[in-house]
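Letter by letter, the chains look like this.
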Amino acid sequence: MRERFFLGNGVEIEQDSGKFFLIYDAGEITDRYREIEISEKEANEAMKGSMEAYYVILKHEQEGRWI
């Protein structure tokens, strides 16, 4: 079962069975959310600030799925 791990810095991080998922708004004109799987280390990094979260998103921008 997924649980919200963190909400802030423009992202939401959820945890499910030891896996971490970062959800962010990738839309330009309207909201369009994208979900990427990240490591625990990247989850901790993304929680530090908005620029750190942005760098994690850039690293994985070609991965993930639209939700």
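Structure: see above.
In short, a report on the structure. (Residues numbered from 1 in each chain as written. Predicted model: local features only at pLDDT ≥ 70, side-chain atom pairs only at ≥ 80, totals over all residues. Heavy atoms only, no water.)

Notes on a nonpolar patch on the surface
Note the following rule: Patch definition: residues with relative accessible area over 30% and no salt bridge; like charges joined within 9 Å; nonpolar side chains (Val, Leu, Ile, Met, Phe, Trp, Tyr) joined within 5 Å. Here the accessible surface of atoms and residues is derived via Shrake-Rupley with a 1.4 Å probe, and residues count as covered only by protein chains that are part of the display. Should a side-chain nitrogen of Lys or Arg be within 4 Å of a carboxyl oxygen of Asp or Glu, the pair is scored as a salt bridge. Helix and strand labels come from DSSP, where a helix needs a run of H or I of at least four residues and a strand needs a run of E of at least two; each type is numbered from the N terminus. The classification of residues rests on relative accessible area computed with a 1.4 Å probe and restricted to protein chains. Under 20% of the type maximum is buried, over 50% is exposed, and intermediate values are partly exposed.
A contiguous nonpolar patch, built from Met 51, Tyr 54, Tyr 55 and Leu 58 and spanning about 410 Å² of accessible area, is present on the exposed surface. When you line up the elements, Met 51 lands in helix H2 (residues 50–59). For Met 51, a relative accessible area of 44% puts it in the partly exposed group.

What to know about the pairing of strand S2 (residues 11–16)
What counts, and what does not: Pairs of strands are assigned from DSSP output, requiring at least two bridges between the strands.
Looking at chain direction, strand S1 (residues 3–8) and S2 are connected through five bridges and run antiparallel. Looking at the pairing, Phe 6 lines up with Ile 13 of S2. Hairpin connection from S1 to S2: two residues lie between these consecutive antiparallel strands, with Asn 9 at a positive phi of about 55°. Sheet analysis places S2 next to strand S3 (residues 19–25), joined by six bridges and oriented antiparallel. Within S3, the position partnered with Glu 14 by the bridge is Phe 21.

Remember, this is a structural readout, not a statement about activity or role.
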